[in-house]
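Spelled out, the chains give:
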Amino acid sequence: MTNALANAAERSIKRVEWVPMTNPSGALYPDQVLLTAPQNIRPLLRHGFASRLLAEIGGGPLPRLDTLLASASSLHLCSGDLLCEPGKSFPYLVLVERGLLAQTVAHEGREMTVAFLERGEVSGNLFALYGDVLREPSSAAMGYDRAPAPSYRVSAVTEARVILLDARHISTLAGRHAEWATLRSRILLEQTLRQAQREEERLTRSSEERYEALLARSPEAVSQLTQREIARYLGISEVTMSRLMARRGGRRAGSRKPVANVSD
């Protein structure tokens, strides 16, 4: 019995070695969130949403899912709160449970929104998801031997709740289980296709056509955005955005609406 307990304790210690920092409950979180809003982060107690979303992405049940969710965190964000910023380590996969987030980058001194994240969408550090691959000699030779810090920032447009999962743990699971490797590949494919779609729209469509595409694709998200936020996504000035709305007969996306209660 003593040996069994010792072995269990050893396995437990090894299981959390990849967690860089934990709160008293054992849930993980990024450093900058801890510094700005420690009261808003808590261990993930209700696993239903995360379990269903991950199973949907992966195409079925995922082995050892409980080991990932045991160290997951639920984070409440107010409008304007920053989730991650350029240059700071953020080795997490983000599941959006409630609300709306924006992913932005700085370009030639101007901030541009490259994506909006709604309920059920996934974002995060894709390099960390492929940590097992990056550690291979061939990857190191190409300079991809470590996960770089993000070059973008993610902030809450509305009150929101997100779930944080350690992407390095998913990387470990993907190296051991085909189901997790499938999930990881699908996340990468989805992110790649979305980026390609955004680039195609920017290069081949007018600002009005891009606005119509955004409205058709994400009407609920658009209804919660200000004119300035839409202009930042389209890559145009607020003056140009006002002219665009005038051409559309003054029809706007709508005013921001309060989101549902995000408390547990």
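The model shown is predicted, which means the values in this text are computed figures rather than measured ones.

Another aspect to go through is the packing of aromatic side chains. Here the structure, examined in full by the defined rule, presents two aromatic pairs. Considering the side-chain rings of Phe-90 and Tyr-92, the 5.1 Å spacing of their centres and the 65° angle between planes classify their relative orientation as edge-to-face. Above the face of the Tyr-130 ring, Arg-184 is positioned so that its terminal group lies 4.1 Å from the ring centre.

Okay, the pattern of salt bridges next. Here the structure, examined in full by the defined rule, presents 11 salt bridges. Between Arg-194 and Glu-121 there is a salt bridge, with its nearest N and O atoms 2.6 Å apart. Taken as a pair, Arg-194 in helix H9 (residues 178-204) and Glu-121 in the loop between strand E6 (110-117) and strand E7 (122-124) lie far apart in primary sequence, 73 residues in all. The exposure class assigned to Glu-121 is buried, which follows from its relative accessible area of 14%. Overlapping salt bridges, with partners in common, bring together Glu-111, Arg-153 and Arg-232 in one network.

Grouped together as the largest cluster of nonpolar side chains are 26 residues, with contacts concentrated most on Leu-95, Leu-165 and Trp-180. If you list the elements that add at least two residues to this core, you get helix H3 (48-58), helix H4 (65-69), strand E4 (92-98), helix H5 (126-129), strand E9 (160-166), helix H8 (167-176) and H9. With five residues, H3 is the single largest residue contributor to this core. When near neighbours in sequence (up to four residues on either side) are disregarded, Trp-180 contacts Leu-62, Pro-63, Leu-65, Leu-68, Ile-170, Leu-173 and Ala-174. Ranked by size, the runner-up nonpolar core spans 17 residues in total, among them Ala-102, Tyr-233, Met-241 and Met-245.

Let us now look at unusual backbone geometry. What you tend to see is this: most non-glycine residues have negative phi, and most peptide bonds are trans. Although it is not a glycine, Arg-64 sits at a positive phi angle of roughly 65°. Within the secondary structure, Arg-64 is located in the loop between H3 and H4.

Spacing of three or four residues puts side chains on the same side of an α-helix, whose turn is 3.6 residues. Residues of helix H10 (residues 207-217) that are buried include every one of Ser-207, Arg-210, Tyr-211, Ala-213 and Leu-214, and no others. For H10, the angular spread of buried residues about the axis comes to 160°, placing them on one side. Tucked into the core, H10 has its buried residues touching E6, H9, helix H11 (219-222), helix H12 (227-234) and helix H13 (238-247).

One way to put it is that H9 packs onto H10 with a least axis distance of 9 Å and a crossing angle of 150°. The orientation of H9 relative to H10 falls into the category roughly antiparallel. Together, Gln-197, Glu-201, Arg-202 and Thr-204 of H9 and Glu-209, Arg-210, Ala-213 and Arg-217 of H10 make up the contact between the two elements.

With that settled, consider the pairing of E9. Burial analysis of E9 places seven of its seven residues in the buried class, the great majority of the element. Residues Ala-160, Val-162, Leu-164 and Asp-166 line one face of E9 and the alternating positions Arg-161, Ile-163 and Leu-165 line the opposite face, and both faces are buried. Across five bridges, strand E2 (residues 73-77) lies against E9 in antiparallel orientation. Among the inter-strand pairings, Leu-77 is bridged to a residue of E9, identified as Ala-160.

On to the packing of H12 against H13. Two elements in contact, H12 and H13, have axes separated by 9 Å at closest approach and are oriented at 105°. Between H12 and H13, the crossing angle belongs to the class labelled roughly perpendicular. For the pair H12 and H13, the contacting residues are Gln-227, Arg-228, Ile-230, Ala-231 and Leu-234 in the first and Glu-238, Met-241, Ser-242, Leu-244 and Met-245 in the second. For the contact of H12 with H13, the residue count by class is six nonpolar, two polar and two charged.

Averaged over all residues, the pLDDT of the protein chain equals 78, while 72% of them reach at least 70. Mean pLDDT across the secondary structure elements of the protein chain bottoms out at helix H1 (residues 2-15), with 40, and peaks at H3, with 96. Low pLDDT (under 50) marks residues 4-36, which in the prediction has 48 contacts with non-local residues, meaning those over four places away or in another chain. Contacts from residues 257-264, a stretch scored under 50 in pLDDT, to residues over four places away or in other chains number 17 contacts.

As for its placement among the helices and strands, Ala-221 is situated in helix H11. Sequence-distant contacts of Ala-221, defined by excluding residues within four places in its chain, comprise Leu-100 and Glu-118.

A word on the sheet that holds strand E5 (residues 101-107). Reading across from one edge, E3-E8-E5-E6 is the order of the four strands in this open sheet, with antiparallel pairing throughout. Of all strands in the sheet, those bounded by a partner on one side alone are strand E3 (82-84) and E6. For this sheet, the mean angle separating the axes of adjacent strands, direction not counted, is 30°. Across four bridges, E5 lies against strand E8 (residues 153-156) in antiparallel orientation. Across the sheet, Leu-101 pairs through a bridge with Ala-156, a residue of E8.

Cut-offs and rules
- Residues numbered from 1 in each chain as written.
- Predicted model: local features only at pLDDT ≥ 70, side-chain atom pairs only at ≥ 80, totals over all residues.
- Heavy atoms only, no water.
- Phe/Tyr/Trp six-rings, centres within 6.5 Å; stacked < 30°, edge-to-face > 60°.
- Lys NZ or Arg CZ within 6 Å of the ring centre and 35° of its normal.
- Salt bridge = Lys/Arg side-chain N within 4 Å of Asp/Glu carboxyl O.
- Helix = DSSP H or I, 4+ residues; strand = E, 2+ residues; numbered from the N terminus.
- Buried < 20%, exposed > 50% of the residue type's maximum accessible area, 1.4 Å probe, protein only.
- Core = buried A, V, L, I, M, F, W, Y, C linked by side-chain atoms within 4.5 Å.
- Contact = heavy atoms within 4.5 Å.
- Arc of directions from axis to C-beta.
- Axes fitted to C-alpha atoms, helices over the stretch in contact; angles between N-to-C directions.
- Parallel < 35°, antiparallel > 145°, perpendicular 65-115°, else oblique.
- Pairing = 2+ DSSP bridges.
- Nonpolar A, V, L, I, M, F, W, Y, C, P; charged D, E, K, R; others polar.
- pLDDT = per-residue confidence, 0-100.

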